[in-house]
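Commentary on secondary and tertiary structure
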Amino acid sequence: MTHTNKIAMPSSQAGDHTMVVTQTDLLSMNSWKRVDFFPGLPKVSRQEVQLFRSLEWLFPTFAEPGEMLAAMSKALRNCLQSDVQLTLDYFQLLAVSALPSCIAEPTFLAVLSFRPYQPKGFWEIELGFAHKAVEMLLGANSESIEIRALTELEEGVLQFLALQVLRAMFVNAETGKIHVRLDNIFSNSKSIMSLMASETQMVLMSLSVSINGYTGYFRFFIPATVLAKLQPHADAPVRAYRMQQNLIRAKSRLALPELFLRAEIGYAEIPVAEFGELHPGAVVLLDKLNLRPDKREEGRAELKIGTGFLGHLGCRLSFDGRGYKAEVEKIVLGMLSESLEQNLSGGDERKGEAMDINQLSAAPLLSDVPLRLVVELARIPVTLEEVIEMKVGHVIDLGRLATDPLNLVINGKTVGQGELVEFEGQLGIRLIAVEGS
């Protein structure tokens, strides 16, 4: 028998009728040609991504572009005695053959060498900004902007300015095993193409530069072959140092997200079918203990960061007769928590909806799937910055009284409260309240 799905569409004013759409029509209407929704997307190659990552090794003393821009702005400000604003616009991978069409004529091109490597790059200073800067250096400051080739004298003045900016960009660059210097000055792209004969691709770094109401641009063209050679070995000490510096500079961003430190007593795995039978008064035996307070001797606790993916704190647990405190003994960051390996991603139950035949057929299979019911002693809000700054010996007040009920949690969601009990020599949790019961 052929089955046809039908969808009733709203009747039109032109005629009271119902449109019938077959399953075949639906398939053609809901095609998976996703690219049709985003025409003209630029294509990015793996090589392009790798080259852009290498740019950070070209500037060994800067961990972020903002630091380099600040150094360049300071050099320009000192030379021109005026406020200068620099912003990074974009990066782009270009074919060398396309250079003549993307460089304005006339222009100011400073040839850059990247020793000890042979390929050369260049720095284009937009002509309007070049004239503005030269006027300011010579003590003039007219409102009009000239767009003409620079004279030899003007080129010499601008070359002085370019040297000061390069010195700020590549300060102590020798420590990064690369020395950048200004070699020559050209006024058109034809002159510079002969230097690029052995290159096929360049990385373009474009900056906007503003001064006294005028905005121009700086564009740096860096040979792809030079960037490809700058990547340090995976185990190089400079990589570990750069990672550490990036972490320090990222503290302001890390302070924003809020997490929780969770002190778990233990957990029990129960089948889905039995979860619905939980009710106040029921006792669940714990399969594993993560926290062991002891009246005679201080116990141990593991405080998990967030869901546990970010790591955990190994702590010594103490009880002062009223509440619990945890002293940090070990800090483990960046490890997956064992307690999350087999968790199911639970969704909210749909109330008031009847099961269809597919749900009923799957029910026997789901009934044996275990849920991990976690017993939490405490949950303390913290930030990532606070976690990173923790040291061994740091004491955390868990803010939990001995008489407070414990939270029962599945997949990070609290589903009830309970109290610890001993059941035939085993530790259990007696339910006081259950969500939805």
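A short tour of the structure in this document, coming up. Worth saying up front: this structure is predicted, and the values here are computed from it rather than measured.

1. Considerations on the packing of helix H5 (residues 127-137) against helix H6 (residues 152-169)
At a minimum axis distance of 9 Å, the contact between H5 and H6 shows a crossing angle of 90 degrees. In terms of orientation, H5 and H6 fall into the roughly perpendicular class. From H5, Ala130, His131, Ala133, Val134 and Leu137 reach across to H6, where they touch Glu154, Val157, Leu158 and Leu161.

2. Considering the packing of helix H3 (residues 65-80) against H6
Two elements in contact, H3 and H6, have axes whose closest approach is 8 Å; the angle formed by their N-to-C orientations is 150 degrees. For the crossing formed where H3 meets H6, the hand is right-handed. Residue-level contacts link Met68, Ala71, Met72, Ala75, Leu76, Cys79 and Leu80 of H3 to Phe160, Leu161, Gln164, Val165, Ala168 and Met169 of H6. Looking at the contact of H3 with H6 residue by residue, the class counts come to 12 nonpolar, 1 polar and no charged.

3. Comments concerning the environment of Val283
If you trace the backbone, Val283 turns up in strand E8 (residues 283-285). The contacts of Val283, once residues within four sequence positions are left out, are Val421, Ile429 and Arg430.

4. Quick notes on a nonpolar patch on the surface
Taken together, the side chains of Leu289, Leu420 and Leu427 define a hydrophobic patch exposed on the protein surface, amounting to about 210 Å² of accessible area. Along the polypeptide, Leu289 turns up in strand E9 (residues 288-289). Relative accessible area serves as the criterion here: at 34%, Leu289 is assigned to the partly exposed category.

5. With respect to the pattern of salt bridges
The full count for this structure, using the stated rule, is 12 salt bridges. Between Asp183 and Lys120 there is a salt bridge, with its nearest N and O atoms 2.7 Å apart. One end of the pair, Asp183, is in strand E4 (residues 179-186); the other, Lys120, is in strand E3 (residues 120-125), with 63 residues separating them in the sequence. For Asp183, a relative accessible area of 31% gives the class partly exposed. Owing to a relative accessible area of 24%, Lys120 belongs among the partly exposed residues under this scheme. Between Glu154 and Arg148 there is a salt bridge, with the nearest N and O atoms lying 2.9 Å from each other.

6. A look at unusual backbone geometry
Geometrically, the link from Glu105 to Pro106 is a cis peptide bond, its omega value of -10 degrees lying close to zero. As for its position among the elements, Pro106 is in the loop between helix H4 (99-102) and strand E2 (108-115). Residue Arg115 is joined to Pro116 through a cis peptide bond whose omega torsion reads 15 degrees. The topology assignment puts Pro116 in the loop between E2 and E3. Even without a glycine there, the phi angle at Gln81 is positive, about 55 degrees. With respect to the helices, strands and loops of the structure, Gln81 is situated in the loop between H3 and strand E1 (84-95).

7. As for the environment of Lys391
When you line up the elements, Lys391 lands in the loop between helix H13 (384-389) and strand E14 (395-401). Each C-alpha atom, one on Lys391 and one on Ile331, is 7.8 Å from the other, the two residues being 60 residues apart in sequence.

8. A closer look at the nonpolar core
The nonpolar side chains of a soluble globular protein tend to be buried, and buried together. Grouped together as the largest cluster of nonpolar side chains are 52 residues, with contacts concentrated most on Leu58, Met72, Trp123, Leu158, Met169, Phe218 and Phe220. Broken down by element, this core gets its largest block of residues, 7 residues, from H6. Ranked by size, the runner-up nonpolar core spans 36 residues in total, among them Leu317, Tyr324, Ala378 and Ile410.

9. Digging into the side chain of Glu199
Relative to the helices and strands, Glu199 is located in the loop between helix H7 (189-193) and strand E5 (201-211). No salt bridge is formed by the buried Glu199; the nearest opposite charge belongs to Lys229, separated by 7.4 Å. Residue contacts for Glu199: discarding those within four places in its chain leaves Val96, Pro119, Pro223, Ala224 and Thr225.

10. Notes on the sheet that holds E5
If you walk across this open sheet you meet the 6 strands as E1-E5-E6-E3-E2-E4, and the pairing is antiparallel. One side of each edge strand has no neighbouring strand; the edge strands of this open sheet are E1 and E4. Taking the axes of each pair of neighbouring strands and ignoring which way they run, one obtains an average angle of 20 degrees across the sheet. Of the strand pairs in this sheet, E5 and strand E6 (residues 214-223) are connected by 10 bridges, and their pairing is antiparallel. Residue pairing across strands places Met202 opposite Pro223, the latter belonging to E6. Packed onto the sheet, helix H2 (residues 46-54) meets E1 and E5 and runs at close to 145 degrees relative to E1.

Parameters and conventions
Residues numbered from 1 in each chain as written. Predicted model: local features only at pLDDT ≥ 70, side-chain atom pairs only at ≥ 80, totals over all residues. Heavy atoms only, no water. Axes fitted to C-alpha atoms, helices over the stretch in contact; angles between N-to-C directions. Helix = DSSP H or I, 4+ residues; strand = E, 2+ residues; numbered from the N terminus. Parallel < 35°, antiparallel > 145°, perpendicular 65-115°, else oblique. Contact = heavy atoms within 4.5 Å. Left-handed = near helix turned anticlockwise from the far one by under 90°. Nonpolar A, V, L, I, M, F, W, Y, C, P; charged D, E, K, R; others polar. Patch = residues over 30% accessible without salt bridge, like charges linked within 9 Å, V, L, I, M, F, W, Y side chains within 5 Å. Areas by Shrake-Rupley, 256 points an atom, 1.4 Å probe, with all protein chains shown as cover. Salt bridge = Lys/Arg side-chain N within 4 Å of Asp/Glu carboxyl O. Buried < 20%, exposed > 50% of the residue type's maximum accessible area, 1.4 Å probe, protein only. Core = buried A, V, L, I, M, F, W, Y, C linked by side-chain atoms within 4.5 Å. Lys, Arg positive; Asp, Glu negative; His and termini not counted. Pairing = 2+ DSSP bridges.

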